[in-house]
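Observations on the three-dimensional arrangement
Here's the letter readout for the chains.
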Amino acid sequence: MLRKIIPLILALCLSGCATVQPKEQTQYQATFLTLFDTVTTIVGKDDSEDAFRQKAQSVHDQLLEYHQLFDIYHDYEGISNLKTVNDQAGIAPVRVDPRIIALLSDCVEFYKATDGRVDITMGSVLELWHQARTDSLDDPANAHLPDDTKLKEAAEHTGLDALVIDKAASTVFLNDPDARLDVGAVAKGWSTERVANAAASGLLISVGGNVRATGPKDASGTPWVVGITDPNNQSSYLHTLYVSGGSVVTSGDYQRYFTVDGIPYHHIIDPETGFPSKYWRSVTIVCPDSGIADALSTALFLLPLAEGQALLAQYDAEAMWVDAQSNYHYSPGFEDLIRT
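A brief structural summary. All of these numbers come straight from a predicted model, not from anything done at the bench. (Residues numbered from 1 in each chain as written. Predicted model: local features only at pLDDT ≥ 70, side-chain atom pairs only at ≥ 80, totals over all residues. Heavy atoms only, no water.)

What follows concerns the layout of surface pockets. Empty space among the atoms becomes visible once a probe the size of a water molecule is rolled across them. Considering only enclosed or pocket space, the second largest pocket measures out at about 380 Å³ in volume. Lining the second largest pocket are 17 residues, and of these Pro264, His266, Pro276, Ser277 and Lys278 sit closest to its centre. If you tally residues by element for the lining of the second largest pocket, the top one is strand 13 (residues 263–266), at four residues. Each residue belonging to the lining of the second largest pocket can be placed in one class, and the counts come to ten nonpolar, three polar and four charged. (1 Å grid on protein atoms, 1.4 Å probe; cavity = no way out; pocket = protein on both sides within 12 Å on 5 of 7 lines; lining within 4 Å. Points joined across faces, edges and corners; volume = space filled by probe spheres on them. Helix = DSSP H or I, 4+ residues; strand = E, 2+ residues; numbered from the N terminus. Nonpolar A, V, L, I, M, F, W, Y, C, P; charged D, E, K, R; others polar.)

It is worth spelling out the packing of aromatic side chains at this point. Two numbers describe a pair of aromatic rings. These are the distance of the centres and the angle of the planes. As enumerated under the stated definition, the model contains eleven aromatic pairs in all. Judged by centre distance (5.8 Å) and plane angle (25 degrees), the rings of tyrosine 28 and phenylalanine 52 are stacked. Remark: phenylalanine 52 occurs in helix 1 (residues 49–70) and tyrosine 28 occurs in strand 2 (residues 26–35); sequence separation between them is 24 residues. For the pair tyrosine 28 and phenylalanine 52, one class covers both residues: buried. For the pair tyrosine 330 and phenylalanine 334, a centre-to-centre distance of 5.8 Å together with 25 degrees between the ring planes defines the contact as stacked. A relative accessible area of 0% means that phenylalanine 334 is categorised as buried. Taken together through their ring pairs, the aromatic side chains of Trp129, Phe258, Tyr265 and Phe275 make up a single cluster. (Phe/Tyr/Trp six-rings, centres within 6.5 Å; stacked < 30°, edge-to-face > 60°. Buried < 20%, exposed > 50% of the residue type's maximum accessible area, 1.4 Å probe, protein only.)

Turning next to the pairing of strand 2. A large share of strand 2 lies buried, amounting to seven of its ten residues. Bridging between strand 2 and strand 3 (residues 38–46) involves eight bridges; their strand directions are antiparallel. Pairing of tyrosine 28 across the sheet is with glycine 44, part of strand 3. The antiparallel hairpin formed by strand 2 and strand 3 contains two residues in its connecting segment, where phenylalanine 36 sits at a positive phi of about 55 degrees. (Pairing = 2+ DSSP bridges.)

Phe70, Leu82, Val172, Leu181, Ile285 and Leu300 are the most contacted members of the largest nonpolar core, which has 63 residues in total. By size, the runner-up hydrophobic cluster in this structure holds 15 residues, among which are Val211, Ala213, Ile228 and Leu241. (Core = buried A, V, L, I, M, F, W, Y, C linked by side-chain atoms within 4.5 Å.)

A few words on the environment of glycine 159. Inspection of the secondary structure puts glycine 159 in the loop between helix 5 (148–155) and strand 5 (163–166). Classification of glycine 159 as buried rests on a relative accessible area of 12%. With 110 residues separating them along the chain, glycine 159 and glutamate 49 place their C-alpha atoms 48 Å apart. The residues touching glycine 159, leaving out its near neighbours within four places in the chain, are Tyr111, Asp119 and Thr121. (Contact = heavy atoms within 4.5 Å.)

Further remarks concern the pairing of strand 5. Bridge count between strand 5 and strand 6 (residues 171–174): four bridges; the pairing is antiparallel. Looking at strand 6, one finds that valine 164 is bridged to phenylalanine 173.

Between two packed helices, what matters for the description is the angle formed by their axes and the separation of those axes. In the contact formed by helix 4 (residues 123–138) and helix 5, the axes pass within 8 Å of each other and the chain directions differ by 155 degrees. In this view, helix 4 runs roughly antiparallel relative to helix 5, as classed from their interaxial angle. Relative to helix 5, the crossing made by helix 4 is right-handed. Taken together, the residues of helix 5 that come into contact with helix 4 (itself represented by Ser124, Val125, Leu128 and Trp129) are Lys150, Leu151, Ala154 and Ala155. Of the residues in the contact of helix 4 with helix 5, the class split is six nonpolar, one polar and one charged. (Axes fitted to C-alpha atoms, helices over the stretch in contact; angles between N-to-C directions. Parallel < 35°, antiparallel > 145°, perpendicular 65-115°, else oblique. Left-handed = near helix turned anticlockwise from the far one by under 90°.)

Our focus in this paragraph is helix 8 (residues 305–312). When helix 8 is considered as a whole, its buried residues turn out to be Gly308, Leu311 and Leu312. Seen end-on, helix 8 carries its buried residues on one side only, within an arc spanning 100 degrees. (Arc of directions from axis to C-beta.)

For the rest of this paragraph, the subject is the environment of isoleucine 91. Among the structural elements, isoleucine 91 can be located in the loop between helix 2 (82–87) and strand 4 (94–95). It is 8.3 Å that separates the C-alpha atoms of isoleucine 91 and leucine 174, two residues lying 83 residues apart in sequence.

Below, the discussion takes up the packing of helix 6 (residues 187–198) against helix 7 (residues 290–301). It is at 6 Å that the axes of helix 6 and helix 7 come closest, and there the two elements cross at 165 degrees. With respect to their mutual orientation, helix 6 and helix 7 come out roughly antiparallel. As for how helix 6 packs across helix 7, the hand of that crossing is right-handed. Here helix 6 contributes Ala187, Lys188, Gly189, Trp190, Thr192 and Glu193 to the contact with helix 7, which in turn contributes Ser290, Gly291 and Asp294. Its residues assigned to classes, the contact of helix 6 with helix 7 shows two nonpolar, four polar and three charged.

See the structure below:
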């Protein structure tokens, strides 16, 4: 459901004696808490709250479909989703919606392009980290890491050899009964891109740090202003960017994490080590395609700078890295995008 609609700006401009200028539209904001386990915000200008509400609700409803299809934790009546695929691992192929086939097929390409850094078959490993984080946040006095032996055992059940996609039959099968899919590194951005392509022009859609503009905010071409969060102070920005289209996606260590013996452990796990990556505090990608941006933000978070730059050069994208010492690093064209 639509949680909140907030009118932000109201202005009426009339000029000239004979010519009446069009009424300036009001800017509204809608916030949802039911999608991809994060906060989704939609901002846009419109002639009325009702008109904006319809556009925002349409975006929500389409995102909800993707949320349910790609969910690995919950069942939904009448839907064979990724949880269904995981539950049937080693048992039988599952006939799925073509959108699942499309996402998984793109994820296979991301796996190849990133040399395995973006690996959707890491579910068995990520499940152990997810449980440790949940337990530790619920009971900080007994915070703990995943069992090292179990992590190593889970890592034996990762890799694309376990994933069988039959496009003709629209089925997905995990041939290893202990393998599990987890598309968290890609699904939000990938889904946002597809919904944005079908949405009205002039919206700014943010799905948990995946920001996508469907065009400038008004007919005069006024760009949106998107901030890059400071990992050390989430109420402030390192930079702001002008955005009239395309996406801005950030991966960081400062949102989903827990602490054990004074050491924070975030949720972005390196497939090579089975532990959170230590290269960066945050990586921000600016790219026309939100799905590609989401995959790149994860991959570059798991790579040293030179290797990340080399991967970035394969795409129409720019990046900003923040290291542990709060030093900034930029791809060659990123600084041209900075507003402040």
